Amino acid sequence: MRHSTARLRSRTLARHRALHVRIQSESVRVVTRYTEPVDPAPAALARFGESVGEWRAAAAVCRQQAQQLADEANQLLACYWDAAWARARKDDQVSGRRPTRWLPGEITLDGTWARLDDGLLSDRWYVPDAPGRDADPSAVAQALHILDHQSARGRSGPARHGDASNGVRR
């Protein structure tokens, strides 16, 4: 399962390499224009937002495909245990009906799949909770923060230092 989902991530990153490069370059422009005492650049933020939206859509499709793999693995697991129960009943090793929810476990996606933007942050998609991961945010991390907060507030002015709620330094 882990290898299959890693292949999905790799294919998504490869298929959208030009988009990834565009986001990297636009992020520098957004951070410069929105953190320095310069006039904000709504057009740059809009271009960045369009690229990020395209990435988020592609990453969501990738996540859905990974979830499908997990669901298929869970279905196979359930079929295996149903067959094991039936065989044990046939051999008189157990009696009665199979208990509901009688499975040894469940296949789930790891936490990295919940943070789709991490695919833009170079190695963070593969290193879920590395120490110091937000200590020195990249331009992309800062630009994503600006984009999300500018969009949420509907402001076009520069982001102020006190606006950071997720620990991103400016």
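For the structure itself, consult the block above.
Since the structure is predicted, the reported quantities are computational estimates derived from the model, not experimental observations.

**Focus: the side chain of D118**
Thought 1: Turning to its location among the elements, D118 is positioned in the loop between α3 (42-90) and α4 (139-153).
Thought 2: Within the structure, the side chain of D118 is placed 3.0 Å from the side chain of R115, a separation counted as a polar contact.

**Brief notes about helix α2 (residues 17-35)**
Thought 1: Its 19 residues give α2 an end-to-end C-alpha distance of 27 Å, which sits within 8% of 27 Å, the value for a rise of 1.5 Å per residue.
Thought 2: Along α2, the residues classified as buried are L19, H20, I23, E26, S27, V30, V31 and Y34.

**A short note on the nonpolar core**
Thought 1: Grouped together as the largest cluster of nonpolar side chains are 21 residues, with contacts concentrated most on I23, V30, F48 and L144.
Thought 2: Mapped onto this core, the elements with two or more residues apiece are α2, α3 and α4.
Thought 3: Beyond its immediate stretch of four places on either side in the chain, I23 contacts F48, S51, V52, W55, L120 and V140.
Thought 4: Membership of the second largest hydrophobic core comes to six residues, among which are C62, A66, A70 and L109.

**Concerning the side chain of E26**
Thought 1: With respect to the element layout, E26 can be found in helix α2.
Thought 2: We classify E26 as buried; its relative accessible area is 9%.
Thought 3: Among the polar contacts made by the side chain of E26, one reaches the side chain of R47 at a distance of 3.5 Å.
Thought 4: Apart from the residues lying within four places of it in its own chain, the contact partners of E26 are A44, R47 and F48.

**As for the packing of aromatic side chains**
Any pair of aromatic rings gets described here by the distance separating the centres and the angle formed by the planes.
Thought 1: Per the counting criterion, the structure on display carries one aromatic pair.
Thought 2: Pairing Y80 with W81 gives two aromatic rings, centres 5.3 Å apart and planes at 85°, and the pair type is edge-to-face.
Thought 3: In this structure Y80 comes out as exposed when scored by relative accessible area, which is 53%.
Thought 4: Overall, the relative accessible area of 25% leaves W81 in the partly exposed class.
Thought 5: Sitting over the face of the ring of W113, R9 holds its NZ or CZ atom 3.9 Å from the ring centroid.

Here is what the cut-offs are and how they apply
Residues numbered from 1 in each chain as written. Predicted model: local features only at pLDDT ≥ 70, side-chain atom pairs only at ≥ 80, totals over all residues. Heavy atoms only, no water. Helix = DSSP H or I, 4+ residues; strand = E, 2+ residues; numbered from the N terminus. Polar contact = N/O pair within 3.5 Å; in protein donor to acceptor, adjacent residues only side chain to side chain. Expected span 1.5 Å × (residues − 1). Buried < 20%, exposed > 50% of the residue type's maximum accessible area, 1.4 Å probe, protein only. Core = buried A, V, L, I, M, F, W, Y, C linked by side-chain atoms within 4.5 Å. Contact = heavy atoms within 4.5 Å. Phe/Tyr/Trp six-rings, centres within 6.5 Å; stacked < 30°, edge-to-face > 60°. Lys NZ or Arg CZ within 6 Å of the ring centre and 35° of its normal.

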